[in-house]
Amino acid sequence: MSFKAFIGGIAFSASLLTVNAAMAQTIVAADGSSTVFPVTEAMAEEFQKANPDIKITVGMSGTGGGFKKFCRGETDISNASRPIKAEEQKVCKEAGIEYIELPVALDALTVIVHPSNTWAEQLTVAELKKIWEPEAQGKITNWNQVRAGFPDKPLVLFGAGIDSGTYDYFTAATVGKEHSSRGDFTASEDDNVLVQGVAGDPNALGFFGLAYFEHNADKLKAVKIKAKDDAPAVEPTVENARSGKYQPLSRPIFIYVNKKSATEKPAVAKFVEFYLNTKNAIELVKEVGYVPLPENAIEAFKQRFANREIGTGFTGSKIGVSVDDLLKEQLVY
Amino acid sequence: MTEQAIVTQEAQARALSDDEIVRKAHRSETRFALIGLTVLIVTMIVLMALIVDFAIDGMARIDRDFLTSFPSRRPGEAGILSAWVGTALVILVTAAMAVPLGVAAGLYLEEYARTNWITDLIEINVSNLAGVPSIIYGLLALGLFVQTFQLGQTIFVAGLTLALLILPIIIVATREAVRSIPLEIREAAYGLGADKWQTVSGYILPAARPGILTGAIVGMSRAIGETAPIITIGALTFIAFLPPSPIQSTFPYVNADWLNSPFTVLPIQMFNWISRPQAGFHVNAAATGLILLAMTLLMNGLAIWLRYKIRKGIR
């Protein structure tokens, strides 16, 4: 058995040297953020039904991991829950990868508490800062320290894992400094762990994307957010995020398209056009729990892709970016 | 030692009659058996609880559609076709690579290698490799196969990575199996005038097959559930197509294109579904876990049956 199998093994390995190049032409490779994954997955699913000859693969390496592959030219599309960072721009540029930045939806970060929590109906950004800033560690441990009049109950915190784009954006929006917060909270990359944690503790407070709240609305309660002390309290809903009222916790999520792929591979261009199709960009995005962009924005990004305009309108996470701001950004490569 | 102490010891020795010694030995035996039984029961309860929990959550979800549909954004329509096909193909490549290589290496080390420091070094390394965490193999594969050799994130690379992972297990099992063969068989073969290769291929290897098979199956069972190295080399999560068919209608009728196809595997599909917000996906994940368990059991069953057949053939 062994000798024959051994020879077989060698023959088998030799046969691999024949790589089929034609296959690469009809495959569209996307990778990146797990937050954007459901949107791209939904688009890919519908697109493949209409175009069975084109194959789309979607990976989940995280925004940073996705950009690493993208800037090596391994993927055609990079999913990102935050804009491309300066270091990543540099790596891409050095490798000669030109990219087209396309915001595809909005995500409303939702602050949640246990349903039995009657006191924290609304919180101001200043109060969130007080709770989450690094100086709060070990000090702000009781609800009555957050606001006078809150009950004497321990404050139990849950939040996104510190390697996620969600954590970066939330800290930038509340604490005021990206990637900086107290360390004594339960952090998890898996949002379902956070859902379980907050649903199981009457004194808990946590944050994650709107989709996770909507699917667990029976077990959790969303807190209304006041951008300033005198601003109105806004509920995290699809409508409020879309109209720009829910600030500063609404953030855009993106896809980055390799310009060379979009020009040389018709399959990539066709898929991105499908992605930006007004009907898909509203209905499919809504179906997977995200906030669709307003129609004028979708039109503008369609135009940006048609003109193959490269570069990013961001230098680091910007806070409280309204959709109008997104449209006004000057693109820099 | 004082005289008094010796006297005391002798007195104690006399006090312990033969009966008591036997009883004492018996008691410690019973105690050990009880502890062993408790540990066994606890382990089995945990395992059964896990399987039953899976079954309660996922059983209802498993039907023909679940096995023949691609993943979808709607939990009710999603299936694991691409994932189980991917797992099956990756395991096929792993077996084709690891078994011949592992058996050959084991035979060489046991039968041909001279005992010197190089062989010692190889032996120590092989034993140590069996304990290296799987993610390290993933990193190795990412650096070597994907980035240096530019083989891409394909079924072939995944199979190769898992083959590396289980190679030490198969080598060690082969050596143990070969070592356990009675010397008489070898001597008889030599006595009949067989040379070394004839002895090894005609007598040693057939007699060692049950042991080798066990090692191969332990290795394969480990490989089938591995997620970390496959995620590291960059397996994909959403794949709604199958690799190209290995059989074609034109000459030469077979092709190896499927080896270069992107893929996903059951553990990755499961991992993805668990992290989604919709409860429906969590049910899908449980159902996927059941399928994965079933595939592992099926593989083990096949191996046990094969081993039984071979053993019967030898006697």
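Keep in mind it's a predicted model, so treat the numbers as computed, not measured.

Caption draft 1: Up close: the overall build of chain B. Secondary structure summary: chain B contains twelve helices and one strand in total. Tracing chain B from N to C terminus, the helices and strands come up as α-α-α-α-α-α-α-α-α-α-β-α-α. In chain B, buried positions account for 42% of the 315 residues. By sequence separation, contacts in chain B at least 24 residues apart represent 76% of the contacts at least 6 residues apart. In the structure as shown, chain B presents an accessible area of about 17100 Å², 68% of it carried by carbon and sulfur atoms. Here chain B contributes 22 positively and 21 negatively charged side chains, and the mean placements of these two sets differ by 6 Å.

Caption draft 2: Structural detail: the interface of chain B and chain A. Residue-level contacts link 41 residues of chain B with 42 residues of chain A. Buried area between chain B and chain A, summed over both chains or domains, comes out near 3400 Å², and the portion from carbon and sulfur atoms is 61%. Among the residues chain B hides against chain A, the three largest losses belong to B:R73, B:F238 and B:P277. Together they make up 23% of the total. Here chain B is connected to chain A by five salt bridges. With its nearest N and O atoms 2.9 Å apart, the salt bridge here joins A:E41 to B:R276. Taken together, chain B and chain A are joined by twelve residue pairs in polar contact (both at pLDDT 80 or more). For the side of chain B that touches chain A, the elements supplying multiple residues, two or more each, are helix 4 (81–112), helix 9 (196–224), strand 1 (238–239) and helix 11 (266–274) of chain B. Partitioned by chemical class, the residues of the side of chain B that touches chain A number 24 nonpolar, eleven polar and six charged.

Caption draft 3: Looking closely at the packing of helix 6 (residues 125–132) of chain A against helix 7 (residues 165–174) of chain A. All names here are of chain A. Helix 7 packs onto helix 6 with a crossing angle of 115° between their chain directions and a minimal axis gap of 8 Å. Mapping the contact onto sequence places V125, L128, K129 and W132 in helix 6 and F170, A173 and T174 in helix 7. Partitioning the contact of helix 6 with helix 7 into residue classes produces five nonpolar, one polar and one charged.

Caption draft 4: Just helix 5 (residues 86–94) of chain A, in detail. Residue and element names in this part refer to chain A. Of all the positions in helix 5, only E88, Q89 and C92 are classed as buried. Projected down its long axis, helix 5 shows its buried positions confined to an angular sector of 105°, all on one face. The outward face of helix 5, more than 90 degrees from its buried face, is lined by the exposed residues A86, E87, K90 and E94. On the buried face of helix 5, the contacting elements are helix 4 (62–71) and strand 4 (99–113). Two residues or fewer after helix 5 comes G96, characterised by a positive phi angle close to 75°.

Caption draft 5: Region of the structure containing the domain arrangement of chain B. All names here are of chain B. Domain assignment breaks chain B into domain 1 (1–61) and domain 2 (63–314). With centres defined by C-alpha atoms, the gap from domain 1 to domain 2 works out at 38 Å. Contacts between the two partners involve seven residues from domain 1 and, on the opposite side, 14 residues from domain 2. Both sides of the domain 1 and domain 2 interface together cover about 800 Å² of buried area, and 69% of this is carbon and sulfur. The three residues of domain 1 that bury the most area against domain 2 are F54, D57 and R61, which together make up 77% of that side's buried surface. Here domain 1 is connected to domain 2 by zero salt bridges. Joining domain 1 to domain 2, the criterion identifies five residue pairs in polar contact (both at pLDDT 80 or more). Tallied by class, residues from the side of domain 1 that touches domain 2 come to four nonpolar, one polar and two charged.

Caption draft 6: Representation of the nonpolar core. Membership of the largest hydrophobic core comes to 102 residues, with the highest contact counts inside it found for A:L102, A:W132, A:L205, A:V257 and A:F271. Sorting elements by how many residues they give to this core places strand 4 of chain A first, with eleven residues. Judged by nonpolar contacts, the second largest core, of 64 residues, contains B:A163, B:V200, B:A287 and B:M299.

Caption draft 7: Examining the state of the cysteines more closely. Residue and element names in this part refer to chain A. Inspection of the entire model under this criterion finds one disulfide over all chains. Two residues, C71 and C92, share a disulfide whose sulfurs are 2.1 Å apart. Where C71 bonds to C92 through sulfur, the torsion about that S-S bond is close to -85°, and the disulfide is left-handed. Of this pair, C71 sits in helix 4 while C92 sits in helix 5; the two residues are 21 residues apart in sequence, bridging distant segments of the chain. An identical accessibility class is assigned to C71 and C92; each is buried.

Caption draft 8: Looking closely at the pattern of salt bridges. By the definition in use, this model includes 25 salt bridges over all chains. Salt-bridge contacts for A:K49 lead to A:E46; the nearest nitrogen and oxygen are separated by 3.3 Å. With a gap of three residues between them, A:K49 and A:E46 both fall in helix 3 (residues 37–50), about one helical turn apart. The exposure class assigned to A:K49 is exposed, which follows from its relative accessible area of 51%. Residue A:E46 is classed as partly exposed on the basis of its relative accessible area, which comes to 21%. B:R179 is the partner of B:E176 in a salt bridge, and the nearest nitrogen-oxygen pair spans 3.7 Å. With B:E176 and B:R179 both in helix 7 (residues 155–179) and three residues apart, the pair spans about one turn of that helix.

Caption draft 9: Molecular detail of unusual backbone geometry. Residues and elements named next belong to chain A. Backbone torsion omega between Q247 and P248 reads 0°, so that peptide bond is classified as cis. With respect to the element layout, P248 can be found in the loop between helix 10 (238–242) and strand 11 (250–258). A positive phi is found at H179, a non-glycine position, where the angle reads about 65°. Within the fold, H179 resides in the loop between helix 7 and strand 7 (186–188).

Caption draft 10: The arrangement of the environment of A:K270 in detail. Residues and elements named next belong to chain A. Here K270 shows up in helix 12 (residues 266–276). Judged by relative accessible area, K270 falls into the partly exposed class, the value being 40%. Apart from the residues lying within four places of it in its own chain, the contact partners of K270 are F47, N51 and I54.

Caption draft 11: Quick look at the side chain of A:R304. Residues and elements named next belong to chain A. Of note, R304 is situated in helix 14 (residues 295–306). The side chain of R304 is buried and forms no salt bridge, while E101, the nearest opposite charge, is found at 4.1 Å. Those residues in contact with R304 that sit more than four places away from it in its chain are I100, E101, L102, P103, E309, L326 and L331.

How each quantity is defined
Residues numbered from 1 in each chain as written. Chains lettered and ligands numbered in written order. Predicted model: local features only at pLDDT ≥ 70, side-chain atom pairs only at ≥ 80, totals over all residues. Heavy atoms only, no water. Helix = DSSP H or I, 4+ residues; strand = E, 2+ residues; numbered from the N terminus. Buried < 20%, exposed > 50% of the residue type's maximum accessible area, 1.4 Å probe, protein only. Contact = heavy atoms within 4.5 Å. Areas by Shrake-Rupley, 256 points an atom, 1.4 Å probe, with all protein chains shown as cover. Lys, Arg positive; Asp, Glu negative; His and termini not counted. Charge placed at Lys NZ, Arg CZ, Asp CG, Glu CD. Buried area = accessible area lost by both parts, 1.4 Å probe. Salt bridge = Lys/Arg side-chain N within 4 Å of Asp/Glu carboxyl O. Polar contact = N/O pair within 3.5 Å; in protein donor to acceptor, adjacent residues only side chain to side chain. Nonpolar A, V, L, I, M, F, W, Y, C, P; charged D, E, K, R; others polar. Axes fitted to C-alpha atoms, helices over the stretch in contact; angles between N-to-C directions. Arc of directions from axis to C-beta. Domains from an automatic or database assignment. Core = buried A, V, L, I, M, F, W, Y, C linked by side-chain atoms within 4.5 Å. Disulfide = S-S within 2.5 Å.

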